Structures are given as C-alpha cells and as structure tokens.
Amino acid sequence: MPIDQSLVGREFPSSAPREVTEDHVRAFVEATGGEYAGQVPPTYPIVLTFDAMFAFLDAEQIDLHRIVHGDQKFTYERPIEVGDVLTATLGVSGVRSLGGADIIRTTSEVRDAGGALVCTAAATLVHGGGAA
Amino acid sequence: MSTLEPRTFTVTRADLVAYANASGDQNPIHQDEDVAKSVGLPGVIAHGMFTMALVARAVESWTGPGRVVELGCKFTKPVVVPAGDAGTEVTVAGTMGDPSDGVATIALEVTCGGEKVLGAPRAVVRV
C-alpha cells in the first residue's frame, strides 16, 4: 500500500480493550530491572499503542521489520492503574519522505473504559525505503 | 535548577528477551545477533522503549511514582548489548528546572559507553 498523504486524518482500527493486570505490570517492571510496588510505570502505555500500531501496519500491509522507532513522547492525563481497561486508537498526523525513507508521524490516544483520555502517545515511525 | 544524582542501569540480553515478552515487541534485532547484523546494525540492540523505560525509572527515583506528566525523546543512537551476563550500562543524568505552575522540566542526558544515545530526552513532572 502507498505510504503517502492519503493516510493523514484517516481512522484505523482501535486496539482490543486490554485490562491492566498486576501480573503483566510486574513482568513489564521486572523486565527493565525494577521492583513492582503497585504502580504502573510511565512507558507502560506503549503496550497499548503497539496494539494500535500493529493494527495500522496490518491494515496498510506495512512490514514491521522495515519500521524503525524515530521518537516517542507520552503526555499523561493521569497515571495508569492496575484494573484499568484501556483501548488505543492511532491516527496519522503527517507523512514525509527523507532520503528514501518515509517518515510517518502518529498520535495514539489511550482511553479508559469510560472513554476518558488517559494518555496521548506521539511516535515517529521511519519506514526504510531500501531492502531491510 | 538542581542537578539530580545520575542513575546507572545494567542491560543484558536476558533483559531484552524478558522485555520483548512483556511488551509484545518481538523484533528479532533485539534478540538475534545474525538478524541484527543482516540489517546493518553492529549487534543486538536494546529496544528504544527499553532505554526509555530506564529513563522513566530514573525520573521516578528522583520524583517518586505517578508524577510524570510528559516524557519524550528521540532515538538517535542504538544501545548495543553484548552477549553475556555483564551486558552494557546505561546512565541517566538529569537537571531539574525551577518549578512553575506546579510542574518542573527535567532535562536529561542518557549515555552508553560515554556517548549520548537519546536526543532531547525530557520529562515534565508535577512537583
């Protein structure tokens, strides 16, 4: 599928609702050398936005292995808590070409079961133009 | 302005496997030396989000949990993780700006082997 301006402003499938469980948060925290003490770490919402990104890549038939993570920024409305049921929805805010690569600006909104915004995650995905 | 005590973290290949399983990012460049080299990397590299998670750990070690309102960076240089238990080390240093309207900005510097690996890493925290 073409990676071009036609992606901007389109809606892509939301991720399936995912419950934040203590077991999963513990595994996430311990994988980065931390000790779980009941709180959900700030980068945890990447799990949700990955779900949304995979849905986007799948819908557009873009190969994950040709994607490099260029930047990431989270803005939090509140800390995520164990027991939250969260859904992420990805939008494309811009596409440009640079040196044979496509640079895709995405913004994913993470919302709770009541529809309230919990976190906004902006990410730049760099899609390589050559052989990966 | 106040300088914060730098935090140093060890990163091993086993950590990357655990993180891949926990985060769902199973890209083989973070686990398999041959695949990493086949795409032009010097070796297995840490997930950018793994490094960012270490940044978050450092920030929360300074502020306590649940105070981050914004966290961002560019992934400018890969963190190469050699095989073996020694792994590599990532150091997170920070300087907290003066509070304004209940928040303060922490300018960060994240290095591996003395070289910066993140561009413009920054956190905004409630104080």
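Residues numbered from 1 in each chain as written. Chains lettered and ligands numbered in written order. Predicted model: local features only at pLDDT ≥ 70, side-chain atom pairs only at ≥ 80, totals over all residues. Heavy atoms only, no water.

All names here are of chain B. Turning to its location among the elements, Val124 is positioned in strand β6 (residues 118–126). Owing to a relative accessible area of 10%, Val124 belongs among the buried residues under this scheme. A C-alpha to C-alpha distance of 21 Å links Val124 and Val90, two positions 34 residues apart in sequence. Setting aside chain neighbours within four positions, we find Val124 in contact with Arg67, Val68, Val69, Glu70, Val103, Ala104 and Thr105. (Helix = DSSP H or I, 4+ residues; strand = E, 2+ residues; numbered from the N terminus. Buried < 20%, exposed > 50% of the residue type's maximum accessible area, 1.4 Å probe, protein only. Contact = heavy atoms within 4.5 Å.)

Across all of its chains, the model carries six aromatic pairs over all chains by this definition. Aromatic pair A:Phe28 and A:Tyr44: ring centres 5.3 Å apart, planes at 75°, arrangement edge-to-face. Remark: A:Tyr44 occurs in the loop between α1 (22–31) and α2 (46–60) and A:Phe28 occurs in helix α1; sequence separation between them is 16 residues. With a relative accessible area of 0%, A:Tyr44 lands in the buried category. These aromatic residues form a ring-pair network of at least three members: A:Phe28, A:Tyr44, B:Tyr19 and B:Phe50. (Phe/Tyr/Trp six-rings, centres within 6.5 Å; stacked < 30°, edge-to-face > 60°.)

Looking now at the pairing of strand β3 (residues 88–96) of chain B. All names here are of chain B. The alternating pattern of β3 places Thr88, Val90, Val92, Gly94 and Met96 on a buried face, while none of Glu89, Thr91, Ala93 and Thr95, on the opposite face, is buried. Pairing geometry for β3 and strand β4 (residues 103–112), over seven bridges, is antiparallel. Residue pairing in the sheet places Met96 in a bridge with Ile106 of β4. (Pairing = 2+ DSSP bridges.)

We now examine the UniProt feature "domain: FAS1-like dehydratase" (unreviewed entry) in chain A. In this numbering, the UniProt entry assigns the feature "domain: FAS1-like dehydratase" (unreviewed entry) to residues 7–120 of chain A. Structurally, residues 7–120 of chain A is divided into 22% helix and 36% strand, and its ends, taken at the C-alpha atoms, are 19 Å apart. (UniProt positions renumbered as here; feature names shortened; annotations may be inferred.)

Side-chain pairs of opposite charge can arise where the charged atoms are in close proximity. All names here are of chain A. Applying the stated rule across the entire model yields 13 salt bridges over all chains. Put simply, Asp51 and Arg18 hold a salt bridge, and the shortest N to O gap is 3.1 Å. With Asp51 in helix α2 and Arg18 in strand β1 (residues 18–19), this pair connects stretches of sequence that are 33 residues apart. Residue classification places Asp51 among the partly exposed positions, given a relative accessible area of 24%. Look at Arg18 and you get partly exposed, because its relative accessible area is 27%. Measuring nitrogen to oxygen at the nearest pair gives 3.3 Å for the salt bridge that ties Asp112 to Arg78. Taken together, the residues Asp112 in the loop between β4 (101–111) and β5 (117–127) and Arg78 in the loop between β2 (67–76) and β3 (85–98) connect sequence positions 34 residues apart. (Salt bridge = Lys/Arg side-chain N within 4 Å of Asp/Glu carboxyl O.)

Quantified by volume, the largest pocket comes out at close to 880 Å³. Forming the walls of the largest pocket are 44 residues, and the residues nearest its centre are A:Ile67, A:Val68, A:His69, B:Ile29 and B:His30. Looking at the lining of the largest pocket, the elements with two or more residues in it are α2, β2, β4 and β5 of chain A together with α2 (33–38) and α3 (48–63) of chain B. With five residues, the single largest contributor to the lining of the largest pocket is α2(A). (1 Å grid on protein atoms, 1.4 Å probe; cavity = no way out; pocket = protein on both sides within 12 Å on 5 of 7 lines; lining within 4 Å. Points joined across faces, edges and corners; volume = space filled by probe spheres on them.)

Listed per partner, the contact involves 27 residues of chain A and 28 residues of chain B. Between chain A and chain B, roughly 2,300 Å² of surface is buried when both sides are summed, and carbon and sulfur atoms account for 65% of that area. Note that A:Lys73 and B:Glu70 form a salt bridge whose closest N and O atoms lie 3.5 Å from each other. If you look at where chain A meets chain B, you find seven residue pairs in polar contact (both at pLDDT 80 or more). Looking at the side of chain A that touches chain B, the elements with two or more residues in it are α1, α2 and β2 of chain A. Of all the elements, β2(A) adds the most residues to the side of chain A that touches chain B, at eight residues. Grouping the amino acids of the side of chain A that touches chain B by side-chain chemistry returns 14 nonpolar, 11 polar and two charged. Bridge analysis of β2(A) against strand β2 (residues 68–75) of chain B gives five bridges, and the strand direction is antiparallel. Paired with A:Gln72 across the bridge in β2(B) is B:Cys73. (Buried area = accessible area lost by both parts, 1.4 Å probe. Polar contact = N/O pair within 3.5 Å; in protein donor to acceptor, adjacent residues only side chain to side chain. Nonpolar A, V, L, I, M, F, W, Y, C, P; charged D, E, K, R; others polar.)

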